[in-house]
Amino acid sequence: MSVFLEILSSTWGVINSLFPFIVLLGVLVFIHELGHFMVARFCGVRVEVFSLGFGKKLLKWKKGDTVYCLSLFPLGGYVKMFGHEYGKEIAKEDQPVSFLHKKLWERTAIVLAGPLMNFFLAVFIFAVLNMVSGDKKVHPVIGELEPSSPAAQAGLKEGDKIISIDDHPVKSIKEVKEIIFNKANAVLNIRIQTPSEKTYTRKVPSTKAQTTGKWGFLETGGVIESLKFSTPAPIVGVIDPNSPAAQAGLKTFDKVLSLNGKKINNRKELFYLFNHPISSETPWKLEIERKEKEVKKFTLNPPKEYYSSPNIEVLGLVQTDLFIADLKKGGAADRAGLKKGDFIFKLNGERLPSWKVLVEQIRNFDETKDPLKVEVKREGEIKMFSVAPEMKKQIVAGGIEKKYYMLGIITQPYMIPAGGTYVEKTKNPFKALITGVNKTFHWCAIVAVYIKKIISGEVSRRTLGGAISIGRAAYDSYSYGLEYFFKIMAILSVQLFLLNILPIPIFDGGHLLFYVIEFFNGAPLSMKKIIIAHQIGFLFLLFLLIFTTFNDLHNWLFVW
């Protein structure tokens, strides 16, 4: 019985994982084919079959000249039009309902309708999302700054809110970055509002450097060095199971919501209060949030020696950056014996101040030297390991492939926006539709730039994904919620639109190319040329399928 339940559970798990993929791809392909179907019917073409799904027909019925059917594999659908096959003889009495015997503009409209339906689907989804959930944006509040950074030297401070740059009002981080990107090697007049709502202007120099541009790829543009808009969340790590913090019930990765009734916004605020206790007479009341929004209350009683020299490590607390949140199975750290939950505090005998320093040391590893000596604290005990980092390839921002040395460990620094978020949405359908159109064109531009960079070699071809990538995106977005799932659907619909209008034989764009040639030549291409073009297109499609599948498997199994 237990074996049966285990098999049933595994089967249900597979079905549950495939469900988002089936729905996502099914909707995209079905909408595409529906476009062809509707315009073909409008132009008087006889549609022989309109199928929801592929494979064996489970249910079918005929209405007029068309057989409508529900097929076994629900991954989209297909339309079979009469007279669509090149080289096939069509009786004279049937030519009025034959696709290839329709006027040029009618054939163009039928072919173009499929991609356009994907475009309109993206517009519709973005418009509805704008009305229902809106666009979440972050106020441009400055996060942690390095004291020696140009931003700090110019007078910018953590907690300041940027309200304008060179007299251009800004409301979000995105707007700030776009203005700075377009103003490289310039002195910017940045208007600031302090937490006390005082305003002042600072002249801050920008430099030219590689950064993420408007379309999400690495570009050369303006940046203000070390200017950040994020700050560590008020998360704590517990290094000793016998410490006051552990005895009070605190655990590593607990998020402190309040301390003695005071709301905590970030780690800096929390650690300041820990290191500057107001009173030694009353215990501390902490409100903690754990995973899955579980909120608990704890009482922490610091020892007497803590008050003579306040230090959070006396309480058994540290920053979470250097805790191992997870390990790559079979990776260098896993093979060496490190475990999830270990606190890395020394590297080659030196105390580590932050995760950033650890990463730099690993990435600058010299293969000709001895393995790294890593010291960790595990349940209060100190353990030492010898670990040799492994060379790995990784896809970074902008689709660039870089090589790094890695240990195969994951940390959770829990960075959060320094400023609060706000939502821009509308209940006006017309305004939402305009937003939908703008977003669709925005994503069209991103995909077009991506295709251009893939062709030019500026972006690694390993970023090209196929069915496995789509399946993973569908499952991941669905697990985050319907808003993310539908957003992914809209983005993929844009990609399907652009892919189909590329002038490649066998795609819709290939047919459109034939029609453009026919328009200028005054006659269709010869049957021989069309057949050769289709064979080339088929080989290209086969190569693309094999290449993207290989990329999917490589990125899934080897790139981490």
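Quantities reported herein were computed from a predicted structural model and do not represent experimental measurements.

Peer 1: When you look at the overall build of the protein chain in this model, what are you seeing that I'm missing?
Peer 2: A count of helical and extended segments in the protein chain gives 14 helices and 26 strands. Principal axes of the C-alpha set define a box for the protein chain whose edges measure 100 × 70 × 55 Å. Every one of the 560 residues in the protein chain was classed for burial, and the buried ones make up 39%. Residue pairs in contact within the protein chain that sit at least 24 positions apart in sequence constitute 62% of those at least 6 positions apart. Surface exposure of the protein chain reaches about 31600 Å², of which carbon and sulfur atoms provide 59%. Considering the protein chain, the positive charge centre built from 71 side chains and the negative charge centre built from 52 side chains are found 4 Å apart.

Peer 1: Can you help me understand the sheet that holds strand E6 (residues 187-193) in this one?
Peer 2: In a beta sheet, neighbouring strands are held together by backbone hydrogen bonds and run either parallel or antiparallel to one another. Within the open sheet, the four strands sit side by side as E5-E4-E6-E7. Their pairing is antiparallel. Looking at the sheet topology across the chains shown, the edges are occupied by strand E5 (168-169) and strand E7 (199-205). Bridge count between strand E4 (residues 161-165) and E6: four bridges; the pairing is antiparallel. Paired with Ile-165 across the two strands is Ile-190, which belongs to E6.

Peer 1: Would you explain helix H11 (residues 467-480) in this entry?
Peer 2: Residues spaced three or four apart along an α-helix point in a common direction, a consequence of the helix completing one turn every 3.6 residues. Counted at 1.5 Å a residue, the expected span for H11 with its 14 residues is 20 Å, and the 20 Å between its end C-alpha atoms agrees. What H11 keeps buried is the set Gly-471, Ala-474 and Ser-477. In an axial view of H11, the angular spread of the buried residues amounts to 140°, which keeps them on one side of the axis. More than 90 degrees from the buried face of H11, the exposed residues found are Ser-479 and Tyr-480. Positive phi shows up at Gly-481, right after H11, with a value of about 135°.

Peer 1: What is the right way to read the layout of surface pockets from this model?
Peer 2: Over the atoms, a rolling probe the size of a water molecule traces out where space has been left empty. The computed volume of the second largest pocket comes to approximately 940 Å³. Asp-135, Lys-136, Lys-174, Lys-439 and Lys-487 are, among the 21 residues lining the second largest pocket, the residues nearest its centre. Of all the elements in the fold, those that place two or more residues in the lining of the second largest pocket are helix H2 (104-132), strand E3 (135-138), helix H4 (173-181), helix H10 (429-456) and helix H12 (482-501). A breakdown of the residues in the lining of the second largest pocket according to their chemical character gives seven nonpolar, four polar and 10 charged.

Peer 1: What's the story with the sheet that holds strand E20 (residues 372-378) in this structure? I'm lost.
Peer 2: Across the sheet, four strands lie side by side as E19-E18-E20-E21; this open sheet has antiparallel pairing. Strand pairing shows two members of the sheet lacking a second neighbour, strand E19 (350-351) and strand E21 (381-387), which therefore form its edges. One ladder, built from two bridges, connects strand E18 (residues 343-347) with E19; its direction is antiparallel. Directly across from Leu-347, in E19, lies its bridge partner Glu-350.

Peer 1: Explain the nonpolar core here, please?
Peer 2: If you look at soluble globular proteins, the nonpolar side chains tend to sit buried side by side. Ranked by size, the top nonpolar core spans 41 residues in total, and within it Leu-24, Phe-37, Met-81, Phe-99 and Ile-110 carry the most contacts. Among the elements of the structure, helix H1 (2-42), strand E1 (47-63), strand E2 (66-81), H2, H10, H12, helix H13 (508-521) and helix H14 (527-557) are those that each provide at least two residues to this core. Considering every element that reaches this core, the biggest residue donor is H2, with 10 residues. Those residues in contact with Phe-99 that sit more than four places away from it in its chain are Val-45, Met-81, Phe-82, Gly-83, His-84, Arg-107, Ile-110, Val-111 and Tyr-515. Counting 25 residues, the second largest nonpolar core, distinct from the first, contains Ile-324, Leu-327, Ile-344 and Leu-407.

Peer 1: I would appreciate a short explanation of the pairing of E18 in the present structure.
Peer 2: Put simply, side chains in a regular strand alternate between the two faces of the sheet. Of all the five residues making up E18, four are buried; the element is thus mostly covered by neighbouring parts of the structure. As paired elements, E18 and E20 share four bridges and run antiparallel to each other. Along E20, the bridge assignment pairs Leu-347 with Val-374.

Peer 1: I keep staring at the side chain of Asn-118 and nothing clicks. Help me out?
Peer 2: If you trace the backbone, Asn-118 turns up in helix H2. In this structure the side chain of Asn-118 is engaged in a polar contact, spanning 3.2 Å, whose partner is the backbone oxygen of Leu-28. The residues touching Asn-118, leaving out its near neighbours within four places in the chain, are Leu-28, Ile-31, His-32, Ser-493, Leu-496 and Phe-497.

Peer 1: Just to check I follow, could you spell out the pattern of salt bridges for this structure?
Peer 2: Side-chain pairs of opposite charge can arise where the charged atoms are in close proximity. Under the defined criterion, the tally for this structure stands at 17 salt bridges. Where Lys-439 meets Asp-135, a salt bridge forms, and the shortest distance between an N and an O atom there is 2.3 Å. Taken together, the positions of Lys-439 in helix H10 and Asp-135 in strand E3 put the pair 304 residues apart, joining distant regions of the chain. Residue Asp-135 is classed as buried on the basis of its relative accessible area of 17%. Through salt bridges with shared partners, a single ionic network connects Lys-137, Lys-171 and Glu-424.

Peer 1: Can you walk me through the confidence of the model for the protein chain in this structure?
Peer 2: Residues shown with low pLDDT carry predicted positions that ought not to be read at fine detail. When pLDDT is averaged along the protein chain, the result is 84, and 93% of the positions lie at 70 or above. Within the protein chain, strand E22 (residues 390-396) has the poorest average pLDDT of any element, 67, and H2 the best, 95. Overall, residues 1-14 carries pLDDT values under 50, and its contacts beyond four positions in sequence, including any with other chains, amount to zero contacts.

Peer 1: For this particular structure, what's the right way to read unusual backbone geometry?
Peer 2: In terms of backbone geometry, most residues other than glycine have negative phi values and most peptide bonds are trans. Here Asp-166, not a glycine, exhibits a phi torsion of approximately 50°, which is positive. Structurally, Asp-166 can be placed in the loop between E4 and E5.

Peer 1: What should I look at first to understand the packing of aromatic side chains in this one?
Peer 2: What characterises a pair of aromatic rings is the spacing of the ring centres plus the angle enclosed by the ring planes. All chains considered together, the criterion is met by 17 aromatic pairs. Both rings, one in Phe-50 and one in Tyr-68, keep their centres 6.4 Å apart while their planes meet at 85°; by these two values the pair is edge-to-face. Here Phe-50, found in strand E1, pairs with Tyr-68, found in strand E2; they are 18 residues apart in sequence, far enough to count as distant. With respect to class, Phe-50 is no different from Tyr-68; both count as buried. Between Trp-61 and Tyr-68, the aromatic rings sit 6.0 Å apart at their centres with planes inclined by 20°, giving stacked as the arrangement.

Peer 1: Is there a simple way to explain the side chain of Glu-289 in this structure?
Peer 2: Positionally, Glu-289 belongs in strand E14 (residues 284-290). The exposure class of Glu-289 is buried, given its relative accessible area of 19%. Apart from residues no more than four positions distant in its own chain, Glu-289 is found in contact with Asp-254, Lys-255, Leu-257, Glu-294 and Val-295.

Each value, and the rule that gives it
Residues numbered from 1 in each chain as written. Predicted model: local features only at pLDDT ≥ 70, side-chain atom pairs only at ≥ 80, totals over all residues. Heavy atoms only, no water. Helix = DSSP H or I, 4+ residues; strand = E, 2+ residues; numbered from the N terminus. Buried < 20%, exposed > 50% of the residue type's maximum accessible area, 1.4 Å probe, protein only. Contact = heavy atoms within 4.5 Å. Areas by Shrake-Rupley, 256 points an atom, 1.4 Å probe, with all protein chains shown as cover. Lys, Arg positive; Asp, Glu negative; His and termini not counted. Charge placed at Lys NZ, Arg CZ, Asp CG, Glu CD. Pairing = 2+ DSSP bridges. Expected span 1.5 Å × (residues − 1). Arc of directions from axis to C-beta. 1 Å grid on protein atoms, 1.4 Å probe; cavity = no way out; pocket = protein on both sides within 12 Å on 5 of 7 lines; lining within 4 Å. Points joined across faces, edges and corners; volume = space filled by probe spheres on them. Nonpolar A, V, L, I, M, F, W, Y, C, P; charged D, E, K, R; others polar. Core = buried A, V, L, I, M, F, W, Y, C linked by side-chain atoms within 4.5 Å. Polar contact = N/O pair within 3.5 Å; in protein donor to acceptor, adjacent residues only side chain to side chain. Salt bridge = Lys/Arg side-chain N within 4 Å of Asp/Glu carboxyl O. pLDDT = per-residue confidence, 0-100. Phe/Tyr/Trp six-rings, centres within 6.5 Å; stacked < 30°, edge-to-face > 60°.

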